[in-house]
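# Coordinate analysis (summary)
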Amino acid sequence: MKALSEGPATRADAESDFSRPATRCNAFALMSLPVQFRWTAAAGLLLLGLAACEPRAPEAPPKLEPEAPQFLLETTDYDQLPGWREDKVAEALPALMRSCDRLLRGPDDRQVGRQAIGGTIADWRAPCAAISGVSDAAAGSPADDGAVRSLIEQLFVPFKVSFGGEENGLFTGYYEAELRGALFPGGGYNAPLYKRPSDLVTVDLRHFDEDLAGKRVTGRVKDGRLVPYHARDEIDAGVIDSANLELLWAEDPIDVFFLHIQGSGRVLLPDGSTMRVGFDGSNGLPFVAIGRLLIDEGYVSRANASMQSIREWLRNNPEQATELMQRNPRYIFFRKIEGEGPIGAQGVALTPRRSLAVDPSFIPLGAPIFLDTTWPGSSAANPRPLRRLMVAQDTGSAIKGAVRGDFFWGAGDPALAEAGRMKQRGSYYLLLPQAVAARRATGS
């Protein structure tokens, strides 16, 4: 398409060319001839039926690209947060303190979240200091919910999160898996948990192009080139066995598969002791949900699909289980965790029922979030509200979207019972420090 400056500037200009805007005639070329030749040339043009005129199609209007859905933060007030007054917000203090401790290790000018949506570390120093003061004052005794609620209201401004005009999204649950294992193979312990391989390479693409901030590529170097890392079926077949990467050996390969999905767990050893293991990298290949495969292929109904029903089907169908599990090429590597855990993506120990996994492309890790959803098993006809102050402390390969969360329920069977059936609709509010909110209000 020609630039607009090449065409007529106004409607009048367009019609001045013999009132035929779709035809470009050589009128200016004719006028450039010497006077004595103009009439002869004009007669020739008429005899040729204006052969010197050059027809052209009307210029098409410029194509308008459809507007991309927008990520929107809309300021609101605490009276608009359903259930804010009823939540036992003091229970979130440990999660808030852990995230504050982690945030404040960074320099003042470090951005919090992509495109500094959470401001900088400097913006968090004052609110984190105030939270620490309340936590210290309550040491050894439960903090007062009213005092903590009042403090949060003074320190943070709530923003309703939406994307493309949609405020509601999906909220699922996860837990810290428990399984039986041993430090050496044999005696029924034959399913390995591997440590991170030394040839596993992760590249932060931000160092090569700022437009790719937040994007990573994982693979291995082969003949001087970065190639994808081995998939689950290759690893199961023994491609890395010679590297001696076994952290320990588990009793049940299906338990190991679910440990890969959860990312962390506790292993009960034969002597009665427990080892906590946590995520230490993946092979970088995409995650394929086995539940979706079972539903799509008619093995499990959508209405009855849950973590428990999927686990039961795999155990009851061992011949098909291995093939189905290997259709998820993503593979997780583990490390031993000393002290508190499990450890989330922010690098802090998660707090049961107060830690939330989010998509860090939209929500900054460490930020408080007020969640408005329903308890697992609740129906639209009979909802049971689940509304509480959470902290964004983890991520997940399946947790993608501006309004999307994974609720950490804790460890053991009670946590599994809730996490395994949680698939609720809901919304949330991002709480940002007053200084960040003030800059957003002025557009600075």
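For the structure itself, consult the block above.
Attention in this report is confined to the structure presented alongside it. Please read all numbers here as calculations on a predicted model, not as lab measurements.

### Considerations on a nonpolar patch on the surface
Residues V217, V221 and L226 make up a contiguous nonpolar surface patch of roughly 230 Å² in combined accessible area. Along the chain, the position of V217 falls in strand β8 (residues 216-222). Residue V217 is classed as partly exposed on the basis of its relative accessible area of 34%.

### Quick notes on the side chain of S355
Its location among the elements puts S355 in strand β14 (residues 355-357). Look at S355 and you get buried, because its relative accessible area is 0%. A polar contact is formed between the side chain of S355 and the backbone nitrogen of T351, at a distance of 2.8 Å. Of note is the side chain of S355, whose polar atom sits 2.5 Å from the side chain of Q393. With near-sequence residues (within four places) excluded, S355 lies in contact with L350, M390, V391, Q393, D406, F407 and F408.

### Here we look at the environment of V277
Looking at the secondary structure, you find V277 in strand β12 (residues 274-282). For V277, a relative accessible area of 0% translates into the label buried. Distance in space between the C-alpha atoms of V277 and E338 is 8.6 Å, their sequence separation being 61 residues. Aside from chain neighbours lying at most four places away, what touches V277 is L193, L247, L248, L259, S264, G265, V267, F334, R335 and I337.

### Observations concerning the nonpolar core
I131, V277, L314 and I363 are the most contacted members of the largest nonpolar core, which totals 88 residues. Looking at this core element by element, the count peaks at six residues for helix α4 (residues 93-103). Not counting residues within four places of it along the chain, the set of residues in contact with L314 comprises I254, F258, I290, A321 and M325. Within the second largest apolar cluster, eight residues are counted, among which are L200, I235, L245 and F333.

### Remarks on unusual backbone geometry
The omega angle of the peptide bond from G341 to P342 is -5 degrees, so this bond is cis rather than trans. Along the chain, P342 turns up in the loop between β13 (332-337) and β14. Of note, the phi angle at Q115 is positive, near 55 degrees, even though the residue is not glycine. By secondary structure assignment, the location of Q115 is in the loop between α4 and α5 (121-137).

Analysis parameters
Residues numbered from 1 in each chain as written. Predicted model: local features only at pLDDT ≥ 70, side-chain atom pairs only at ≥ 80, totals over all residues. Heavy atoms only, no water. Patch = residues over 30% accessible without salt bridge, like charges linked within 9 Å, V, L, I, M, F, W, Y side chains within 5 Å. Areas by Shrake-Rupley, 256 points an atom, 1.4 Å probe, with all protein chains shown as cover. Salt bridge = Lys/Arg side-chain N within 4 Å of Asp/Glu carboxyl O. Helix = DSSP H or I, 4+ residues; strand = E, 2+ residues; numbered from the N terminus. Buried < 20%, exposed > 50% of the residue type's maximum accessible area, 1.4 Å probe, protein only. Polar contact = N/O pair within 3.5 Å; in protein donor to acceptor, adjacent residues only side chain to side chain. Contact = heavy atoms within 4.5 Å. Core = buried A, V, L, I, M, F, W, Y, C linked by side-chain atoms within 4.5 Å.

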